[in-house]
Amino acid sequence: MNLITSSCLLLLRSVSRNIHRRNIHPLISRLYTEGSSQTTAELSKAQLQKLRDQEQRFKRRLHSVHRKFADVPENSEFQGQHHVYFEDGKGIYRSTLGHDEQEMLEVFNADWGGGGYGTIQRVRLSPSETMLAVTVKKDHHEETRCVLVHLGGLILHQKALLVLDNVLSFEWATDDVFFYSTQETLRCLCVFRIHLSDSGVQNTLVYEEKDPEFFVEVSCSRDHRLVTINCSSKISSEVWFVDSKTPLSFPTLIQSRQPGLLYHVEHSDNCLFILANTGANQEYQLLRAPLDSPSMPLWVPLLSAVPGTVIKDMELLQDHCVFTVKDSQCRLQIQTLSTQEPYQLNTHKLPHWACDLSPQRVGTVDRGSFGFLLSSPVHPPVHYLYSSREQKLSVTEDNTKYMSLTEFNTTRLQAASQDGTIVPLTLLHMPALSELHKSPLLLHVYGAYGVDLNMAFSPEKRLLLEDGWALAYCHVRGGGERGLAWHRAGSVLQKWRGVEDLAACIQTLHHLGVSHPALTGLTARSAGAVLAGALCNHNPQLLRAVILQAPFLDVLGTMQDPSLPLTVEERGEWGDPRIREHRDNIASYCPCHNIIPQLYPSMLITAYSEDRRVPLSGVMKYVERLKKAIQMYTTRVGVNAARVPAVILDLQPGGDHFGPEDFHLSLNESAQQLAFLYTELGLDHPKTRRRRKEQSNNLTGKSHKP
């Protein structure tokens, strides 16, 4: 179970995606400087050339670091009853369990989805492993297509049995009954059932959502007994289920939606195990209900979070619940609870460096274990396994080599925000904390939708760490790091609290001697740009450079236009501007509507021309207003040309809000960002720095050679 399901994540203006190594495409980008004079945001030809030279250097270094970690564990494998399956590039391959991988046979290729659909998204096996369903995404866009493939018999049918357009989520109930939800203009409102029989294919609408603020997703219990239809808004949820023993029956409602009630369900032994926000302070707790009488009056509490911790996720094994938990400093823990009396809760500590936990794919057979990958932005994934039979947590033997990567420090800090709230802060660094005054600092922030900051492994972050950077992750209100109440404390009328938290984190780091404003950069994407942009309007002196990707910058303009995708659904996050109090509040922090003449940090803004989640018009409006404000200030004050901030808009083609999935395009984007940071912070490229140091040593008669 994932408390923020994949489809709900797709609803947001958020979240980055893992890089896949796809086909090579030429980089198409434009650096926008028109409309501004030589004395404002326009980079000189020498600056642009310097940036391009830096890009090429960083591309070579990024290639090197990706090769170094090319064999890290990935969630690319899953098992059926008789075979093991591997996802590699555009293909899915299988081999018989217990046989050598050299006998792998291709069972799916993304090209079977038709022209232009080349990225595998979601994969599901039917219970007896006779059918395979895969969604593939259109290149540079978000449109998806679901392909059904027959796996039965000795010879595989190397073609699609059925192709369905605009499918987002789907599950098999049996080998011949298939449920799926469709997405139109970023909205998922309908669920269909396909029945495959000798007489043909029967497609039936089984659920249609009438409330535009709700989003519908199909999922499946871990034991494959139930297919669930999950209807979620920002403030409530409702779940229906279909029993796989009677797959053609009408869905059964578990509990009707109520304002403020969020819940998620799992199944075992004719009982529902329910995570609902019925605990203290409206946080998640575990409850149980009989399958034949599942409504809320019969929910029996089993477990509430230990004080000081919050439940982030749950997996239900044959006889144990496994919880992913975070404490007050955002440290990860695993807790296990037996599902039979007497209920016994055990806590398993994880390595101090662990910042991200990614569950392993579950196949068609539950083998009574929970596999997951632990990583941090600078530590490659390590595969862990919890066995309910042995009640033991262990590291798999095949990737223990990364366990020794402890040459960096993971420091958990706290910042006191303006209202006294303590905000957790994670700092990754190689030198000791007391030696970071001259180190460049890169801050990360998101703070929206109750979503945690992405802290999975990134080779780019590892490169920065090895170059001596300190990397700070600010777990501000509005995000989900401290639970549901943490999100509520930074949403709607409280959105400004996230900006105050971000400022407090930066000031705390500088006060502790971690870097200083001239060496400080900030990176944010999508909705995270709201906090970053608001900070730049109110505290620009704290930063030197800012990187924004697919940024949401015109909150007021977007939320006032209900014809745009996501506007109606997201009133629960930003507020409803039809209400005067909400409108005034949005106007008070909206980055685009609070720009004033002052000295801003330099900015690199990457946007996508057909992005439907973040209107390009809002990005363009922000850039033009920012350039004009900088020009007014620098002209009036007479700022030295060398100190005029650069504002670069990199407009990429396509409509993929989450960035390019093509490995080389993504590498180009990362190289440009690194070149921008080093240029704006006045840092030498490491190779240049080493050359200068060697020249200096030669002049003084010193040498590094023995």
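Under an unreviewed UniProt entry, the name given to the protein chain is Prolyl endopeptidase, and the organism recorded is Onychostoma macrolepis. Regarding the protein chain, the UniProt comment filed under Function (unreviewed entry) reads as follows: "Serine peptidase whose precise substrate specificity remains unclear. Does not cleave peptides after a arginine or lysine residue. Regulates trans-Golgi network morphology and sorting by regulating the membrane binding of the AP-1 complex. May play a role in the regulation of synaptic vesicle exocytosis."

Engineer: Summarise the overall build of the protein chain; cite the residues concerned and give the values.
Structural biologist: Per the secondary structure count, the protein chain includes 12 helices and 37 strands. Within the protein chain, the fraction of its 706 residues that count as buried is 59%. In the protein chain, once contacts between residues fewer than 6 apart in sequence are set aside, the share between residues at least 24 apart is 60%. Carbon together with sulfur atoms contributes 50% to the accessible area of the protein chain, which is approximately 28,700 Å² in total.

Engineer: So what about the packing of aromatic side chains? Which residues, and what values?
Structural biologist: All told, the structure shown has 17 aromatic pairs when counted by the stated rule. Consider the rings of Trp 240 and Phe 250, whose centres lie 6.5 Å apart with planes at 90°: the pair is edge-to-face. Note that Trp 240 is positioned in strand β16 (residues 237-243) and Phe 250 in the loop between β16 and β17 (252-255), a separation of 10 residues in sequence. A connected cluster of aromatic rings, assembled from ring pairs, spans Phe 170, Trp 172, Phe 178, Tyr 180 and Phe 192. Directly above the ring of Phe 214 sits Arg 257, whose terminal nitrogen or CZ lies 4.0 Å from the centroid.

Engineer: Would you mind going over the sheet that holds strand β11 (residues 177-184) in detail, with residue names and values included?
Structural biologist: Pairing is antiparallel across the open sheet formed by four strands, whose spatial order is β10-β11-β12-β13. If you trace the sheet from one side to the other, it starts and ends with β10 (167-172) and β13 (200-208), each paired once. Along the sheet, successive strands turn relative to each other by an average axial angle of 25°, direction set aside. The pairing of β10 with β11 spans five bridges and is classified as antiparallel. Among the inter-strand pairings, Phe 170 is bridged to a residue of β11, identified as Tyr 180.

Engineer: Just give me the short version of the environment of Gly 575, but keep the residues and values in it.
Structural biologist: When you line up the elements, Gly 575 lands in the loop between α8 (571-574) and α9 (580-589). Along the backbone, Gly 575 and Ser 491 are 84 residues apart, and their C-alpha atoms lie at a distance of 8.1 Å. The contact partners of Gly 575, leaving out residues within four places of it in the chain, are Val 492, Met 559, Glu 570, His 582 and Ile 586.

Engineer: Can you lay out the sheet that holds strand β7 (residues 131-138) for me, pointing to particular residues and giving the numbers?
Structural biologist: Judged by pairing direction, the sheet is antiparallel, and its four strands sit side by side in the order β6-β7-β8-β9 without closing on themselves. Two strands close off the open sheet at either side, each with one partner strand: β6 (117-125) and β9 (162-165). Averaged over all pairs of adjacent strands, the angle between their axes in this sheet comes to 25°, without regard to strand direction. Note that strand β8 (residues 144-150) and β9 share four bridges and pair antiparallel. Along β9, the bridge assignment pairs Leu 148 with Leu 162.

Engineer: Can you lay out helix α10 (residues 616-637) for me, pointing to particular residues and giving the numbers?
Structural biologist: The end-to-end C-alpha distance of α10, which contains 22 residues, comes to 32 Å, matching closely the 32 Å that a straight helix rising 1.5 Å per residue would cover. The set of residues buried in α10 consists of Gly 618, Val 619, Tyr 622, Val 623, Leu 626, Lys 627, Ala 629, Ile 630 and Thr 634. What you see down the axis of α10 is that its buried residues fit within an arc of 170°, all on one side. Opposite the buried face of α10, by more than 90 degrees, sit the exposed residues Ser 617, Lys 628, Thr 635 and Arg 636.

Engineer: Pulling in residues and values, what's your account of the pattern of salt bridges?
Structural biologist: Across all of its chains, the model carries 28 salt bridges by this definition. One salt bridge in this structure joins Arg 222 and Glu 315, with 2.8 Å as the shortest N-O distance. With Arg 222 in the loop between β14 (215-220) and β15 (226-232) and Glu 315 in strand β22 (residues 309-316), this pair connects stretches of sequence that are 93 residues apart. An identical accessibility class is assigned to Arg 222 and Glu 315; each is buried.

Engineer: So what's going on with the pairing of β22? Residues and values would help.
Structural biologist: β22 sits mainly inside the fold: eight of its eight residues count as buried. Alignment of β22 against strand β23 (residues 320-327), held across seven bridges, turns out to be antiparallel. Residue Ile 311 lies in a different strand from β23, and its bridge partner there is Val 325. Between β22 and the antiparallel strand that follows it, β23, lie three residues.

Engineer: Can you lay out the confidence of the model for the protein chain for me, pointing to particular residues and giving the numbers?
Structural biologist: On average, residues of the protein chain score 87 in pLDDT, and 87% of them are at 70 or above. Throughout residues 4-45 the model reports pLDDT below 50, and contacts reaching past four residues in sequence, or to other chains, amount to 139 contacts. Low pLDDT, under 50, characterises residues 702-706; the predicted model gives this stretch four contacts beyond four residues in sequence or across chains.

Engineer: Requested: an account of the environment of Leu 566, with residues and values cited.
Structural biologist: Here Leu 566 shows up in the loop between α7 (555-559) and α8. Residues Leu 566 and Thr 185, spaced 381 residues apart in sequence, show a C-alpha to C-alpha distance of 8.7 Å.

Engineer: Report on unusual backbone geometry, specifying residues and quantitative values.
Structural biologist: At Asn 281, a position not held by glycine, the phi torsion is positive, near 60°. Along the chain, Asn 281 turns up in the loop between β19 (271-276) and β20 (285-290). By relative accessible area, which is 56% here, Asn 281 ends up exposed.

Engineer: Describe in detail the packing of helix α5 (residues 496-511) against helix α6 (residues 528-538), supporting the description with residues and values.
Structural biologist: Contact pair α5 / α6: the axes reach a minimum separation of 9 Å and the direction vectors enclose 70°. Between α5 and α6, the angle is such that the two are roughly perpendicular. In terms of crossing hand, the pair formed by α5 and α6 is right-handed. Here Trp 496, Gly 498, Val 499, Leu 502, Ala 503 and Ile 506 of α5 lie close against α6, whose contacting residues are Leu 531, Ala 532, Ala 534, Leu 535 and His 538.

Engineer: I'd like to hear about the side chain of His 444, residue by residue, with values.
Structural biologist: As for its placement among the helices and strands, His 444 is situated in strand β32 (residues 441-444). The exposure class assigned to His 444 is buried, which follows from its relative accessible area of 6%. His 444 has contacts with Leu 453, Lys 461, Leu 471, Ala 472, Tyr 473, Cys 474, Leu 522 and Thr 523, leaving out every residue within four places of it along the chain.

Engineer: Any details on helix α11 (residues 663-680)? Residues and values, ideally.
Structural biologist: Here α11 is 18 residues long and its end C-alpha atoms lie 26 Å apart, about the 26 Å a rise of 1.5 Å per residue gives. Two or three places before His 664, at the opening of α11, Asp 662 has a side-chain oxygen 3.0 Å from that residue's backbone nitrogen. After α11 finishes, the residue Gly 682 shows a positive phi value of roughly 70°.

Engineer: Go over the state of the cysteines with me, naming the residues and quoting the values.
Structural biologist: On inspection of all chains with the given rule, the structure shows zero disulfides. Counting only cysteine sulfurs, Cys 592 is the nearest neighbor of Cys 590, a cysteine outside any disulfide, at a range of 5.7 Å. For Cys 590, a relative accessible area of 0% translates into the label buried.

Engineer: Please provide a residue-by-residue account of the side chain of Thr 679, values included.
Structural biologist: Residue position: Thr 679 is located in helix α11. Thr 679 has contacts with Leu 51 and Gln 54, leaving out every residue within four places of it along the chain.

Engineer: Explain the environment of Leu 393 to me, using residue names and the numbers behind them.
Structural biologist: One can find Leu 393 in strand β29 (residues 392-395). Taking the C-alpha atoms as reference, Leu 393 lies 9.6 Å from Gly 371; in sequence the two are 22 residues apart. Setting aside chain neighbours within four positions, we find Leu 393 in contact with His 348, Lys 349, Leu 350, Phe 372, Tyr 384, Leu 385 and Tyr 386.

Quick notes on the rules
- Residues numbered from 1 in each chain as written.
- Predicted model: local features only at pLDDT ≥ 70, side-chain atom pairs only at ≥ 80, totals over all residues.
- Heavy atoms only, no water.
- UniProt positions renumbered as here; feature names shortened; annotations may be inferred.
- Helix = DSSP H or I, 4+ residues; strand = E, 2+ residues; numbered from the N terminus.
- Buried < 20%, exposed > 50% of the residue type's maximum accessible area, 1.4 Å probe, protein only.
- Contact = heavy atoms within 4.5 Å.
- Areas by Shrake-Rupley, 256 points an atom, 1.4 Å probe, with all protein chains shown as cover.
- Phe/Tyr/Trp six-rings, centres within 6.5 Å; stacked < 30°, edge-to-face > 60°.
- Lys NZ or Arg CZ within 6 Å of the ring centre and 35° of its normal.
- Pairing = 2+ DSSP bridges.
- Axes fitted to C-alpha atoms, helices over the stretch in contact; angles between N-to-C directions.
- Expected span 1.5 Å × (residues − 1).
- Arc of directions from axis to C-beta.
- Salt bridge = Lys/Arg side-chain N within 4 Å of Asp/Glu carboxyl O.
- pLDDT = per-residue confidence, 0-100.
- Parallel < 35°, antiparallel > 145°, perpendicular 65-115°, else oblique.
- Left-handed = near helix turned anticlockwise from the far one by under 90°.
- Polar contact = N/O pair within 3.5 Å; in protein donor to acceptor, adjacent residues only side chain to side chain.
- Disulfide = S-S within 2.5 Å.

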